[in-house]
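# Structure at a glance
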Amino acid sequence: MDLFTGLTRLGDNTLILGHRISEWCGHAPVLEEDIALSNMALDLIGQTQFWLGLAAEVEGRGRDADALAFRRDAWHFHNILLVERPNGDFGQTLMRQFLFDAWHAPMLKALEGSADARIAEIAAKAHREVAYHIERSADLVIRLGDGSEESHARMQAALDRLWPYSGEMMIADAVDLRLAHAGLIPDPASIRPAWDETVNHVLEEATLKRPEGNFAHQGGKQGRHSEHMGHLLAPMQWLQRAYPDAEW
Amino acid sequence: MDLFTGLTRLGDNTLILGHRISEWCGHAPVLEEDIALSNMALDLIGQTQFWLGLAAEVEGRGRDADALAFRRDAWHFHNILLVERPNGDFGQTLMRQFLFDAWHAPMLKALEGSADARIAEIAAKAHREVAYHIERSADLVIRLGDGSEESHARMQAALDRLWPYSGEMMIADAVDLRLAHAGLIPDPASIRPAWDETVNHVLEEATLKRPEGNFAHQGGKQGRHSEHMGHLLAPMQWLQRAYPDAEW
Amino acid sequence: PEMLAAFQARIDAGERIEPKEWMPEGYRKTLIRQIGQHAHSEIVGQLPEGNWITRAPTLERKAILLAKVQDEAGHGLYLYCAAETLGVSRDDLTEQLLSGRMKYSSIFNYPTLTWADIGAVGWLVDGAAIMNQVPLQRTSFGPYARAMVRICKEESFHQRQGYDLIRKMAEGTAEQKAMAQDALNRFWYPSLMMFGPSDKESVHSAQSMAWKIKINTNDELRQKFVDQTVPQAQFLGLTVPDEALAWNEDKGGWDFSEPDWNEFYEVLKGNGPCNVERIEARQKAWNDGAWFRDGLMAHAKKRDARRQAAQMAAE
Amino acid sequence: PEMLAAFQARIDAGERIEPKEWMPEGYRKTLIRQIGQHAHSEIVGQLPEGNWITRAPTLERKAILLAKVQDEAGHGLYLYCAAETLGVSRDDLTEQLLSGRMKYSSIFNYPTLTWADIGAVGWLVDGAAIMNQVPLQRTSFGPYARAMVRICKEESFHQRQGYDLIRKMAEGTAEQKAMAQDALNRFWYPSLMMFGPSDKESVHSAQSMAWKIKINTNDELRQKFVDQTVPQAQFLGLTVPDEALAWNEDKGGWDFSEPDWNEFYEVLKGNGPCNVERIEARQKAWNDGAWFRDGLMAHAKKRDARRQAAQMAAE
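Residues numbered from 1 in each chain as written. Chains lettered and ligands numbered in written order. Predicted model: local features only at pLDDT ≥ 70, side-chain atom pairs only at ≥ 80, totals over all residues. Heavy atoms only, no water.

## A word on the overall build of chain A
If you tally the helices and strands in chain A, you get 11 helices and zero strands. Taken from N to C terminus, the helices and strands of chain A fall in the order α-α-α-α-α-α-α-α-α-α-α. The C-alpha atoms of chain A give a radius of gyration of 17 Å, which matches the 18 Å a tight globule of 248 residues would have. Reported as C-alpha extents along the three principal axes, the dimensions of chain A are approximately 55 × 40 × 30 Å. Within the span of chain A, comprising 248 residues, buried residues form 66% of the whole. Residue pairs in contact within chain A that sit at least 24 positions apart in sequence constitute 79% of those at least 6 positions apart. About 8500 Å² of surface is accessible on chain A, with carbon and sulfur atoms providing 52% of the total. In chain A, 23 positive and 37 negative side-chain charges are present, and the distance between their average locations comes to 5 Å. (Helix = DSSP H or I, 4+ residues; strand = E, 2+ residues; numbered from the N terminus. Rg over C-alpha atoms; globule rule 2.2 N^0.38 Å. Buried < 20%, exposed > 50% of the residue type's maximum accessible area, 1.4 Å probe, protein only. Contact = heavy atoms within 4.5 Å. Areas by Shrake-Rupley, 256 points an atom, 1.4 Å probe, with all protein chains shown as cover. Lys, Arg positive; Asp, Glu negative; His and termini not counted. Charge placed at Lys NZ, Arg CZ, Asp CG, Glu CD.)

## With respect to the nonpolar core
Within the largest apolar cluster, 146 residues are counted, with the highest numbers of intra-cluster contacts made by Met95 of chain B together with Trp115 of chain C. By residue number, the principal contributor to this core is helix 5 (residues 90-111) of chain B, which donates 12 residues. Not counting the four nearest positions on each side in its chain, Trp115 of chain C is found in contact with Leu239 and Trp248 of chain B together with Trp52, Ala56, Pro57, Arg61, Leu65, Leu165 and Met169 of chain C. Grouped together as the second largest cluster of nonpolar side chains are 145 residues, Ala65, Ala102 and Leu208 of chain A together with Trp254 of chain D included. (Core = buried A, V, L, I, M, F, W, Y, C linked by side-chain atoms within 4.5 Å.)

## What about the interface of chain A and chain D?
On the chain D side, the residues contacting the 49 residues of chain A number 48 residues. At the junction of chain A with chain D, the criterion picks out 15 residue pairs in polar contact (both at pLDDT 80 or more). Elements with a minimum of two residues in the side of chain A that touches chain D: helix 1 (2-22), helix 2 (31-59), helix 3 (65-71), helix 5 (90-111), helix 6 (117-145), helix 7 (149-162), helix 10 (227-236) and helix 11 (238-242) of chain A. For the side of chain A that touches chain D, the element with the most residues is helix 2 of chain A, which contributes 12 residues. (Polar contact = N/O pair within 3.5 Å; in protein donor to acceptor, adjacent residues only side chain to side chain.)

## A look at unusual backbone geometry
Phi angles above zero are rare outside glycine, and Lys212 of chain C is one such case at about 55°. Accessibility expressed as a relative area gives 28% for Lys212 of chain C, which makes it partly exposed.

## What to know about the pattern of salt bridges
Opposite charge on two side chains permits them to pair, given that their charged atoms come into close proximity. Residues and elements named next belong to chain B. All chains considered together, the criterion is met by 89 salt bridges over all chains. Note that Lys209 is salt-bridged to Glu212, the shortest N-O span being 3.9 Å. Here Lys209 falls in the exposed class, since its relative accessible area comes to 53%. Since its relative accessible area comes to 71%, Glu212 is described here as exposed. (Salt bridge = Lys/Arg side-chain N within 4 Å of Asp/Glu carboxyl O.)

## Some details on the interface of chain A and chain C
On the side of chain C, 19 residues touch chain A, which itself brings 13 residues to the contact. Interface of chain A and chain C: buried area, both sides summed, is about 1200 Å²; carbon and sulfur atoms make up 51% of it. The largest per-residue losses of area from chain A upon contact with chain C belong to Trp75, Arg161 and Glu227 of chain A, which jointly make up 46% of the total buried on that side. Linking chain A with chain C are three salt bridges, by the criterion used here. Linking chain A to chain C there are seven residue pairs in polar contact (both at pLDDT 80 or more). Top element by residues in the side of chain A that touches chain C is helix 10 of chain A. It accounts for four residues. Of the residues contributing to the side of chain A that touches chain C, the split by class is three nonpolar, six polar and four charged. (Buried area = accessible area lost by both parts, 1.4 Å probe. Nonpolar A, V, L, I, M, F, W, Y, C, P; charged D, E, K, R; others polar.)

## A word on the packing of aromatic side chains
Overall, the coordinates contain 32 aromatic pairs over all chains when judged by the stated rule. For the ring pair Trp52 of chain C and Trp115 of chain C, a centre distance of 6.4 Å and an interplane angle of 65° mean the geometry is edge-to-face. Remark: Trp115 of chain C occurs in helix 6 (residues 115-133) and Trp52 of chain C occurs in helix 3 (residues 46-53); sequence separation between them is 63 residues. Accessibility assignment for this pair places Trp52 of chain C and Trp115 of chain C in one class, buried. Ring centres of Phe195 of chain D and Phe225 of chain D lie 5.4 Å apart, and the angle between their planes is 50°; this geometry places the pair in the tilted category. Separated by 30 residues along the polypeptide, Phe195 of chain D in the loop between helix 8 (174-193) and helix 9 (205-210) and Phe225 of chain D in helix 10 (residues 218-236) bring together distant segments of the chain. Note on Phe195 of chain D: relative accessible area 2%, which makes it buried. For Phe225 of chain D, a relative accessible area of 0% gives the class buried. Ring-pair connections join several aromatic residues into one group, and the members of that group are Trp24 and Phe90 of chain A together with Trp291 and Phe292 of chain D. (Phe/Tyr/Trp six-rings, centres within 6.5 Å; stacked < 30°, edge-to-face > 60°.)

Written out as structure tokens, the structure is:
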């Protein structure tokens, strides 16, 4: 079950973040962003299909990726709290993306070395996509941080607001440690140096102040979510819940 | 089935409006409004229990009020489009309430004369509650319309925005006409004079301009709703949909 | 000092202090803080329950929850009125809440994650609140004591409804039962924290008890709460998440583990799961509602002016 | 007049007009209006489909829908670029959309009420759009014609996906089948309206056809659409909501009822089910995004200034 949990942590992150981004559809501040957001959501949903597909296979109880995505209630999801944060203004959406991408890219890179060939393969494909995500989100954080007075203030506020949600992805629990020991999924704490380097560098260029303190909200990885999670799942799972016998 | 339809029109109006109001819970502009809104929502949900309870009884297919409220999909609901409008700012919420109350109160009064004693009885009880609703919403529309420049502008904007949704409740379709003919539920068009009188009087005191034109969005009474309806039902019906075997 | 002694004598004699009577500044300040925090708690307390109003699973449950939240707003209103008799306005208190200078009960910084949590809030949180409040019906300040009488009556009704809700869950499907147990797991220790730190650590306690603003010690009330709640949990077939829990024949009560006081202080500092969100929600309500409040004031002024003009014309 | 004749001769000879070449003012204006409206339609068209992205029932369907909406935004981008070659900026066109001076396709003023509607939009709405657009690949204005080639390829892919979606529904449970039928009922006539009023009523048509901005008449295309779509509906086991529908052997096509043109003009006037909401949504996106666009501009200026300063220092 450790591997199942580990894979849902990966797949639930991409699912929930992809879902959040997709809420922007048609409402972005500029057409290029509508395109970029749809594109990222598409990548993340695609990655979800792989991660949750593999999780279902590993579980071996006849579920598939869709069953995992659309038939679990909140406490069975293992995504970090950061990705379920509401979109807020576009600055918060972007900062959330950047903080996540800065972890996601090196994590996928490390996953390419997994002892499980299936994991390594998914990670390699995903990493190519996410390398572009981090490039894009870092660039925008820099341009808006070092932009107008208002854009700077909004990006700093977004950073301060989301900072306490960034630590969770780099804190290992017992499951993580066993998975790391087995060579399947790297210890999330091992991603910290790469994350710090990207974040420090980008924030500096963006003229944004890295918040002090390391307090980290936790619980998502263990299925203890925020109040937002239930509200996110209700529409997302609506059709599967309302019409359990249907195929789509 | 006419009577079933007629009763769900009454009960779905109170259910959906009660639900919308309840979304304000804890977020109203002043404590007294939090209390008043909860109180109105409570009245409306109570009336829903009666109307949908009677509808289920009339239908005689073993459903109850909860089954009607929580297990129908959007197109089986018969509320008018007005009550499913999103809350908007507090001015829109209030104006929606006023436009509805100005119809609801005389409608219930007329329903007290229904040939069906059960309907007359529910209406009598509901009318006592709604008499207070219209008093309150009319008073607030007047005070805010004839208040500050900003409150006046917001109330006028709310009125203009909602006006095209007010006509539906006073337009009869074939079902309505048959029910009226049977003496069960009055012709909604017969409520128009009372509604006009209240609305004209209150808007004048409120220094608000009654919009011109009679264009009326329609469809809700026949089950053709707005895009908002599905989004409203997804959370509302979540638990019943996700746990169909549970009792609560 | 003479007045102080006379004041203390009145309190010791069980007399009620009324707003217009003399009172020490410390008494007034302590009361304002205590009543204000209590009022704020009622207001912020609407939020975790409001979180499930739009998802209540039956019409009856929705009505019950609406009525409960309405009562809480009502309690907020009584309490602000009681505080106002001490010379502080509601707007002033609100401003202190929104700026973070005044607190509300930390329990409301925990999220309501399942429908069973709504039961747990009624059963455990209102249960603990009542345990705190019942003695306050005998508090020395008249308006506060009278508000408490009314509040306690309603709260105990809420507690019974909460217990009924969670009982339905505990007796329901496997999933419902799991939600009920999970709710107890998450709300048990935060409920124990509601009585405040152990008496040894508690500041201000002695003076407050002398003034009968506080009647029992934190540890007394916590023990009482545990003794009341453990058998209820057993009746529900739920397990209290405390391996050290054991009946102590000698004291005629349960031995139990202390909550994690580090967590308590973290939440107080602002690091609870929902601190920022609760305050953001209240700030948004307040800011978005400014035009509404201003509009009503503008109307009242206009009306007064018109009335005066009419009077002058009549004279 | 001489230039005009030469221009017309080029068009008649099937030559492409390119942006920097001379063109009559009327040609330019008509094209700006037509391309602008088309671009706006792609943008506003994101909204009814976006309405279901958060509720797509499987990961695969969600991905397909995301890809589709992304394509539409992309089409918007090509088309704005094509319009820009005529000397009008994207911001200017956007401003005209938001102020109501420019239109978008009325079909997007209809709501998407069930998941089957997403299928119907692909099958019928994209189907009608392709019918309109395929001939425009041969339109006389080069950038427009080239944009159309790219767009048509993607649109026909969308149409197949929409048909696949609604087929799954039509072959599904009783409820799914009902949703599919209901979607056809609601989208049939609005789709027929997408070809515009009958040729008899249509203004500007003759000139546009002479300029090869418009290639076929509205009625021709509508007939073609019906002839293509009716057998598809039959294959799905769905009933086209038109009692007058009948095969006409003589013309080798279907006879069908005209849509309700009063409804068409009401929707054009702003009284469609979603007109106000669509524009409100776009206005909100634009207004809320102002700080973002301004921020990027401010950054670009700073960067340029720094670059210049560095250059000067280097010189």
